[in-house]
Amino acid sequence: PLPAPYRVPLPVPPVARPVAPGRYLITQRVAEQEVLPGVRTPVLGYDGIFPGPTIESRSGQEVVVRHRNELPVPTVVHLHGGHTPPEHDGWPLDLLLPVGDAQGWTGHHRMTGDVVAGERDHRYPMTQRAATLWYHDHRMDFTAPAVYRGLAGFHLVRDDVEDALPLPRGDRELPLMLCDRSFTADGEFAYPGLDRGMRGLPGVEDAWSAGVLGDVVLVNGAPWPVHEADAARYRLRILNASNARRYRLVLDGGVPFVQIGSDGGLLAAPVRHDVLDIAPGERFDVVVDLSAVPVGTEVRMTNALGEGRTADVMAFRVVRTARDDSAVPERLSDVEPPAVPAGAPLRTFTFARGDTGGHSGWTINDEGFDPDSRRYETPLGQPEVWRFVTDVHHPVHVHLDPFRVLRRGSGGPGPFDAGWKDTVDVRPGEVVDVAVRFTGYRGRYVLHCHNLEHEDMAMMVAVNTV
Ligand code: C2O
Ligand code: CU
């Protein structure tokens, strides 16, 4: 029994409370949650909730998150967008084995990573600007079903530059996690994995090998929710946490999205969009101005790429007039235009369906993920141009440092490429060049497609910073 759109109130994930200054404890556990009204859905949740609690941190102030795994499966958490030392980044073969059931997992995995039972700390120096980050599971071969079942949450980094701006805040700053899900008749998340126990066989039924799409759009874990709003400006931190779905968001009445930030924080200056294209893994920080909307009016945010029920996303119902001192300044932050020195190395990564060791999967430069590969080594501090070439759509994500989009096809950056990005949506048959430069830590990281089924079917490479 799916609800009518725009009836269920928009939930806002709770902000995590530190157990000591800068220290958090998150228990990963199975819980039941009312995702659809009147239906109990089992979720794999950080602290047993989906989305997980929002961690709020300050630029330059270290945060340590202790994860405790009470789930029936191993996990490894990644802070997406974090400038994180390699041992804390969530290398896909590092495993946090379940509390009390570690033995059962020995031998199940290629245990070439750092394998720990029960609990472990992730240390995040937060030496980075204010930005909308998110954390999610990243286990080798099983990221997609783990995230689908609930292992995802926000991590917001704040700093003085952002605090000095008169942007909407408090109740008028909303993180919005968009994702699509399907449900079984019993109300469980219906993930068409080959191994429902998430133990042995990665990947999905053939029909879904391009990526799993659901028929219900959730925002912060609620189906097509509605938010009762003031007639005022709102800051929306929109995250596409879907496994494979991309959205083209549109607001009723031609209300524009005024983009103030991207994956890697504030833009230099706002960019106005009538529609907002967002691919899996991407974040857009936008201000929408509802101040001219008459009280009693519903402003829907719809998805022009959806069909039927996936064309609905959420709505704002303007219920009162209110004072609003916020503004979007014409200058937001210092972001230099991207520049690459002449002679910078160029590396090409070709994303295509292919053979990944005897079975069909998704490859980068004709190979499936090889964790031990040293094929891609890049010296810290060295500017490089990375060229992404695709067959079909692939949202390409790079760990450790954000990058700048230099060009798409024969043109410059596209309308959604402004600022610092860590995930770039490369369209079918497209060539996108980005400027990368890694800083801070030597070690092994990954570059992968953020279509999570593609990722689990090996569309990932090890990137070694040296
Ligand atoms: Cu959001 Cu490597 O992932
Ligand atoms: Cu892909």
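These lines cover the structure that appears in this document, whether it is placed above or below. Everything numeric in this text was worked out from a predicted model, so none of it was measured.

Let us now look at the overall build of the protein chain. Within the protein chain, the secondary structure is distributed over 3 helices and 32 strands. Computed over the C-alpha atoms, the radius of gyration of the protein chain is 21 Å, within 12% of the 23 Å expected from 2.2 N^0.38 for a compact globule of 466 residues. Overall size of the protein chain, expressed as C-alpha extent along the three principal axes, is 60 × 60 × 45 Å. Counting only contacts in the protein chain whose residues sit at least 6 apart along the sequence, the fraction spanning at least 24 positions is 76%. Carbon together with sulfur atoms contributes 51% to the accessible area of the protein chain, which is approximately 17,200 Å² in total. Taking the average place of the 47 positive charges on the side chains of the protein chain and the average place of its 62 negative ones, the gap between the two points comes to 3 Å.

Attention now goes to the pairing of strand S9 (residues 131-137). Of all 7 residues that make up S9, 7 are buried, and the element is covered over most of its length. Side-chain alternation along S9 places Ala 131, Leu 133, Tyr 135 and Asp 137 on one buried face and Thr 132, Trp 134 and His 136 on a second face that is also buried. By the bridge criterion, 4 bridges tie strand S5 (residues 77-80) to S9 in an arrangement that is antiparallel. Directly across from His 78, in S9, lies its bridge partner His 136. Pairing analysis gives 6 bridges linking S9 to strand S10 (residues 152-158), with the strands arranged antiparallel. Within S10, the position partnered with Thr 132 by the bridge is Leu 156.

We now examine the pairing of strand S1 (residues 23-33). Pairing of S1 with strand S4 (residues 63-69) involves 6 bridges; the strand directions are parallel. Residue Arg 23 lies in a different strand from S4, and its bridge partner there is Val 64. Strand direction decides the pairing type here: S1 and strand S2 (residues 41-46), joined by 6 bridges, are antiparallel. Bridge pairing in S2 places Ala 31 opposite Val 43.

Attention shifts here to the nonpolar core. Soluble globular proteins tend to pack their nonpolar side chains together in the buried interior. Counting residues in each nonpolar core, the largest one holds 82 residues, and the members touching the most others are Leu 176, Ile 238, Leu 249, Trp 386, Phe 388 and Leu 447. If one sorts the elements of this core by residue count, strand S11 (residues 173-181) sits on top with 5 residues. Ile 238 has contacts with Leu 176, Leu 178, Leu 249, Phe 257, Leu 276, Ile 278, Glu 282, Arg 283, Phe 284 and Val 286, leaving out every residue within four places of it along the chain. Among the nonpolar cores identified, the runner-up in size contains 25 residues, and Leu 44, Val 65, Leu 79 and Ala 146 belong to it.

This part covers the environment of Arg 442. Checked against the element boundaries, Arg 442 lands in the loop between strand S30 (431-436) and strand S31 (443-449). Along the backbone, Arg 442 and Leu 380 are 62 residues apart, and their C-alpha atoms lie at a distance of 7.3 Å. Setting aside residues no more than four positions away along its own chain, Arg 442 makes contact with Pro 86, Leu 380, Thr 465 and Val 466.

The strand order across the open sheet formed by 4 strands is S2-S1-S4-S8, and the pairing between neighbours is mixed. At either margin of the open sheet sits one strand with a lone partner, and together these are S2 and strand S8 (119-124). Adjacent strand axes in the sheet meet at a mean angle of 20°, parallel and antiparallel pairs treated alike.

What counts, and where the lines are drawn
Residues numbered from 1 in each chain as written. Chains lettered and ligands numbered in written order. Predicted model: local features only at pLDDT ≥ 70, side-chain atom pairs only at ≥ 80, totals over all residues. Heavy atoms only, no water. Helix = DSSP H or I, 4+ residues; strand = E, 2+ residues; numbered from the N terminus. Rg over C-alpha atoms; globule rule 2.2 N^0.38 Å. Contact = heavy atoms within 4.5 Å. Areas by Shrake-Rupley, 256 points an atom, 1.4 Å probe, with all protein chains shown as cover. Lys, Arg positive; Asp, Glu negative; His and termini not counted. Charge placed at Lys NZ, Arg CZ, Asp CG, Glu CD. Buried < 20%, exposed > 50% of the residue type's maximum accessible area, 1.4 Å probe, protein only. Pairing = 2+ DSSP bridges. Core = buried A, V, L, I, M, F, W, Y, C linked by side-chain atoms within 4.5 Å. Axes fitted to C-alpha atoms, helices over the stretch in contact; angles between N-to-C directions.

Nothing here speaks to function; it is geometry throughout.
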